[in-house]
Structure formats: C-alpha cells, structure tokens
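# Remarks on the overall topology
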Amino acid sequence: MGCSSCSTGKDGQPRGCKNNGTCGTDGCNKLTVFDWLSNMSLPNGQKPFDCVEVRFKNSRKEFFRNVDGIPLSIGDVVATQAKSGHDVGIVTLTGELVKVQMRRKKVALDDKTLPKIYRKASQRDVDIWQKSRSKEAEIQKRSREIAISLKLQMKLSDVEFQGDGSKATFYYTAEERVDFRQLIKDMAKAFGIRIEMRQIGYRQEAQRLGGIGSCGRELCCSTWLTDFRSVSTASARYQQLALNPQKLAGQCGKLKCCLNYELDMYLEALKDFPSQDSKLQTKKGVAFCQKADIFKQTLWFSYRDDPATWHALDKDHVLEILELNKKNEKIASLEEYAQDNVSDEKMAFENVVGQDSLTRFDRPKRKKRNKKRRKNKPKSSSNAQ
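We now turn to the structure provided with this report. Note that this is a predicted model, so its numbers are computed, not measured. (Residues numbered from 1 in each chain as written. Predicted model: local features only at pLDDT ≥ 70, side-chain atom pairs only at ≥ 80, totals over all residues. Heavy atoms only, no water.)

The next subject is the nonpolar core. Counting residues in each nonpolar core, the largest one holds 20 residues, and the members touching the most others are Met154, Leu156, Phe170, Tyr172, Leu183, Met187 and Met197. Mapped onto this core, the elements with two or more residues apiece are helix H3 (136-149), strand S6 (155-161), strand S7 (167-173), helix H4 (181-191) and strand S8 (194-199). Other than its neighbours up to four places away in sequence, Met187 contacts Ser143, Ile146, Phe170, Gly192, Ile195 and Met197. With 15 residues, the next largest nonpolar core counts Leu280, Ala287, Phe301 and Tyr337 among its residues. (Core = buried A, V, L, I, M, F, W, Y, C linked by side-chain atoms within 4.5 Å. Buried < 20%, exposed > 50% of the residue type's maximum accessible area, 1.4 Å probe, protein only. Helix = DSSP H or I, 4+ residues; strand = E, 2+ residues; numbered from the N terminus. Contact = heavy atoms within 4.5 Å.)

Written as structure tokens, this is what we have:
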C-alpha cells in the first residue's frame, strides 16, 4: 500500500513522493506495522502502555516513553528527546504491541533511561525538519569532496539531520580504520553544525541506497527485509550451487540473503538422502558419489578406475546397496542399478519461441519475391510468327 503522492500519474509513470519512505502518511514504508489491537479496548482499570515506537529516516527506530500521557496514534509527528536539542520522528506503533517489539529488541519494559517524548510537533518544528532534510543531498556531495581531498579511504553513503537542524549524522563504510578527525573539523567549519560519524556495514549501506538485484527485482533489504542473518558458503553447498563469488554475491559484496530462503527445505530433504561421502562396494571396484540431485531423487556414482563415466542411481537403490555393504555383501556392478548413462543423457529443451540464437539479427534478410503477376505479358516470338 502506498501513500496518495506515490500513485501513478496521468502518463502512466509513477509520481512518487521522493521522500524515500518518510512521507507523512507512513504508507509506503517497509517498516510500517499493522496494529491489529487498535479496535480492542483495555480491561477495566488497566492503563495504556506508556512507551511508543518512533521511526526516523530510513530504517532507524527507537522507543520513547510518553511520560506526559499525550494522546498519540500511528502517523503522528512528534518531537522527541535527543542528546542535545530535540529530534523529530513519526510514531509507528502504540499500545500493547510496543511491549512485543521491545521484547524482540531485548529492551527492558521498565527501563528508566529511555528518552522522552516532548510534544506533538508544531508547524515550526516540521518546517525546520523539512528544511534540514532538503539540505542533505547537497551536504552529502560536499562532504564526499572534502573526504576525497583528504585522501581518506572511506565512502560516505548517507546523511541524516537531527530534527532541530543542529546536528548531522554521517554514515560511512570503510575497509580499515579511518582517522577522520581532520574531516570532522573541516565539515564542522564548512556546514556550521555538529558532526557525528557512524560506521555501518555493506549490507546496511545497500539497504539505505537500494537498487535492482540480479533477479530483476528491488533488493530485499531495501523493500521488506528488516533483519540480516549470517549467510555462509554452506548454504550454497547444501543447495548444490556452484561456488562462484560473482553469482553468489549481491550488490553489497556479501553473500546474497536469498541463499537462506530455501535452505530449510533443502536440509529437510537431505535427511533422507545418503551422504555424498558414501562409497559403494562392488565387485568391479569402489564407487564414489560425484553428484546428487534432490529433485530427481538421483545420485551419480563413478568407479575409482573410471572417474569420467557416471552412473545414475535412484536414492532407494543407493540406500539398499549401502545396507548390503554393511553386511559385507557386494553387488556385481553399478550397471545393474543404473538408470541411464550420463553420456547418453540429452537435455530436454524445446525452443518454443524460436529466438534463442543470439546471432539471429546478423543474418542477411532474404529478398522478397514479387508474387504479383503482370497483367500484360509480352508475347513470345513464336506466337508472333
């Protein structure tokens, strides 16, 4: 669901609010939470929970305590406590669901150090906030130029202004430790504000910047994925994927988060599969597993003396042979159980469209024959005589 300013224009092109998910209606943000307890009333004598969840730019969310009991609802713009001055954010969750979110984030419900909510943002607060937000792109560009002039090995990916415009947080990524003391002095002198530098990971950077993945869709981290789980090469091995870094890595340079999406199903299917380290004892010699296909329920084995020739065996047959080997019994050969030889397999491919050739446009065009018959044909010389 998007806000009214994110609808489609007259020419069919998306208009977009150009606020990157921070519009006032809070309808086009991936962090929007549906309050399914909003229509339910509290039991008699129970007071509403005094903490609310407030969202700031991009994916930053924090919990604040409503000590003054200000009536708040989702979408309200509020002025909150900051280390110095005040900040402006949008309320994303109120009531009992805030307790669930605080437990999930491992925040104590009775934490007295939580910052406070001052008031609902006035028009003056909103004007200062929007004016500060409008300067972020220009300040980000200027700060990058200063970092390049100082020859710092870092990348400034985003800038976030505080609600009162007195402070700016610069998010950056770097391979190694960076001494940015001179950078802070130069930026504070150029912009006239307090500077805070915060280092983020490459996945957080991709989440903030967004982009299009190799699948043709928007990045999961910039649309709906809110938490990052560790991804290892074992996820690719379980799914029988080639360990090619160029294909397994995303725009952030790390392993793609989607490698974990189907991992549980593969692990469940591999429970009934024999290990790929298993060896089959035959009278012709020892056979080793070369490949396994979970979907076809097939394993390919080859003899030690002939590793180039693979024999496809059904999973049940492999388990049966392993049981015989445990009893010190050997089968005659793999050919008795083999389905088809790999060298005789043909790829089942049908060119439906007829446009699979990449050089089809390089072929010279055939000249079209003129099929129109001439009405007045010239008479032959024999007929003339």
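On to unusual backbone geometry, then. Despite not being glycine, Lys106 has its phi angle at roughly 60°, a positive value. You can see Lys106 is positioned in the loop between helix H1 (97-104) and strand S5 (117-120). Looking at Lys106, the relative accessible area reads 79%, which means it is exposed. In this structure, Gln240 takes a positive phi of about 60° despite not being glycine. Relative to the elements of secondary structure, Gln240 occurs in the loop between helix H7 (233-238) and helix H8 (245-248).

All right, on to the pattern of salt bridges then. Evaluation of the coordinates by the stated rule reveals 20 salt bridges. Residues Glu136 and Lys57 are paired through a salt bridge, measuring 2.6 Å at the closest nitrogen-oxygen approach. You can see Glu136 sitting in helix H3 and its partner Lys57 sitting in the loop between strand S1 (51-55) and strand S2 (61-65), a full 79 residues away along the chain. Like Glu136, the residue Lys57 is buried in the burial classification. The residue Lys57 makes a salt bridge to Asp158 at a minimum N-O spacing of 3.0 Å. With a gap of 101 residues between them, Lys57 in the loop between S1 and S2 and Asp158 in strand S6 connect regions that are remote in the sequence. Residue classification places Lys57 among the buried positions, given a relative accessible area of 11%. On the accessibility criterion, Asp158 (8% relative accessible area) is buried. (Salt bridge = Lys/Arg side-chain N within 4 Å of Asp/Glu carboxyl O.)

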